[in-house]
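Residues per chain, in single letters:
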Amino acid sequence: MNTNKRIYLLIILIAVILTFLCGCNKKQSNNNDTAVTYEGSAYGENGMIIYEDGLLAYYDYKTGERSVVCSRPECSHQKYDSQTNPNPSCAAVPPKNTTFEAGVIVNNYLYMFVLPSEINKMDIYKSDLDGENRIKAGQVNCGGIIDKAIVYKNLFVFTGKELVKKDNEDELSVSTIQIKYFTGIIDINTLELVQIETYEKHQISQSYYVYNNVLHYYYMDENVYEIRRVSLSDFTVLEALSLPLKNEQEKAYCVMDKGYLYYIKSNPMQSSPDIRRTDLMTLEDEIFVSGIEIQDGTLIGISGKYFFIHSNESKIPEETEWKFVIYDSDEKTINECDMHYSGVQTGLVTHLINLNEEFILLYKFDEGSKHASYRYMKIESLINKSYDFVDINVIY
């Protein structure tokens, strides 16, 4: 693997999942629909669904309160156990003999994606938001969901996988299989699956973004670094966009927001880099902000006027001194994002940045715990090191 690709993959892994991918300007509302999922958890504007200890639960951001997805009177919410509870009656327990993949809310219905015992099959269940009236709505040819998925209108866009036979092999067995990855789109209304593109290698931390009914996503393979595009009207593949350069040697990591492709690029005419943007419709490129006051950096997320940057402040070229900063594009100020001031370690995970343009959801790592919980707060409160936040302690 060449140096440029190594650096680029490292940036992606640091960012984890690079920006919440909705194509609209969202305000706080009563909308409970899911926007993005990651590793079995589903995040919306006002709350999230977590699969924890064998049960589906919903957490409200503003209160931190947990509600098991079951409204049955006197239910003790016991998970499946082959010995003590082989036939669970709780509506929050996934169907028996299945592996949970994702649960999303679309148009006030809960959809659960699970893997049965069949190879390369995924069942989709539909129920009310309290888990009642669950039915098996359909089945698609898919061996699982990996990384992040998004919900756009009635479409579920995700990276899927299938087990396929290796070349020149007749049977599908442990020794003869390989994994094929693909970008998939499921129409929630019809439950039809369209495979847009397949890959032999896993596209690390895939990011999906929709603007003007066009799906955009990253593609990297050897020396190919581009954003591929698909019309969601008829699934026609459109011309791909080449990623811009960050400097003379590196490709820039880009964040898509409100119809633009934003990135940080060094400027040989000055000591500090610029934030540039490319119009996704006209492809016109321009300087958005000239000379932001950092040595070097990578843009990892945008939420309204706030630009989240992973900045290298080392003045020695061979060394690095990374830190997170938040650039306020209205005030033209750089704010250090010190996430340890409250006494716990918190982490900036960029698929949680743009839940809406005022609040942010952080990962929170409690001492002695193997799992992360969450912290919900205003972005301004994070900048001002305020203690006005809601901690959401997830049960694992």
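Residues numbered from 1 in each chain as written. Predicted model: local features only at pLDDT ≥ 70, side-chain atom pairs only at ≥ 80, totals over all residues. Heavy atoms only, no water.

S.K.: When you look at the environment of Ile379 in this model, what are you seeing that I'm missing?
M.R.: On the secondary structure map, Ile379 appears in helix H2 (residues 379-383). Ile379 sits in the buried class, given a relative accessible area of 0%. C-alpha separation for the pair Ile379 and Cys337, spaced 42 residues apart in sequence, amounts to 9.9 Å. Among residues more than four places away in sequence, those in contact with Ile379 are Ser303, Tyr306, Phe308, Ile326, Glu357, Glu358, Phe359 and Ile360. (Helix = DSSP H or I, 4+ residues; strand = E, 2+ residues; numbered from the N terminus. Buried < 20%, exposed > 50% of the residue type's maximum accessible area, 1.4 Å probe, protein only. Contact = heavy atoms within 4.5 Å.)

S.K.: Got a minute to help me understand the pairing of strand S4 (residues 55-60) in this structure?
M.R.: Regular strands show a simple pattern: their side chains alternate between the two faces of the sheet. Burial of S4 is extensive: five of the six residues sit out of reach of the surface. Pairing of strand S3 (residues 47-52) with S4 involves six bridges; the strand directions are antiparallel. Residue Ile50 lies in a different strand from S4, and its bridge partner there is Ala57. Taking the residues that link successive antiparallel strands as the turn, the S3-S4 hairpin has two residues, and the phi of Asp53 there is positive, at about 50°. In this structure, S4 lies alongside strand S5 (residues 66-68), joined through three bridges in antiparallel fashion. Bridge pairing links Tyr58 to Ser67 in S5. Here S4 folds back onto S5, and the loop between the two strands holds five residues, one of which, Gly64, carries a positive phi near 75°. (Pairing = 2+ DSSP bridges.)

S.K.: Even after reading the chapter, I still don't get unusual backbone geometry, so can you show me in this structure?
M.R.: Leaving glycine aside, a negative phi is the common case for residues, and trans is the common case for peptide bonds. The phi angle at Lys332 is positive, at roughly 60°, despite the residue not being glycine. The residue Lys332 is located in the loop between strand S24 (322-328) and strand S25 (333-336) in this model. Look at Lys385: it is not a glycine, yet its phi comes out positive at around 55°. As for its placement among the helices and strands, Lys385 is situated in the loop between H2 and strand S29 (389-392). Lys385 sits in the partly exposed class, given a relative accessible area of 35%.

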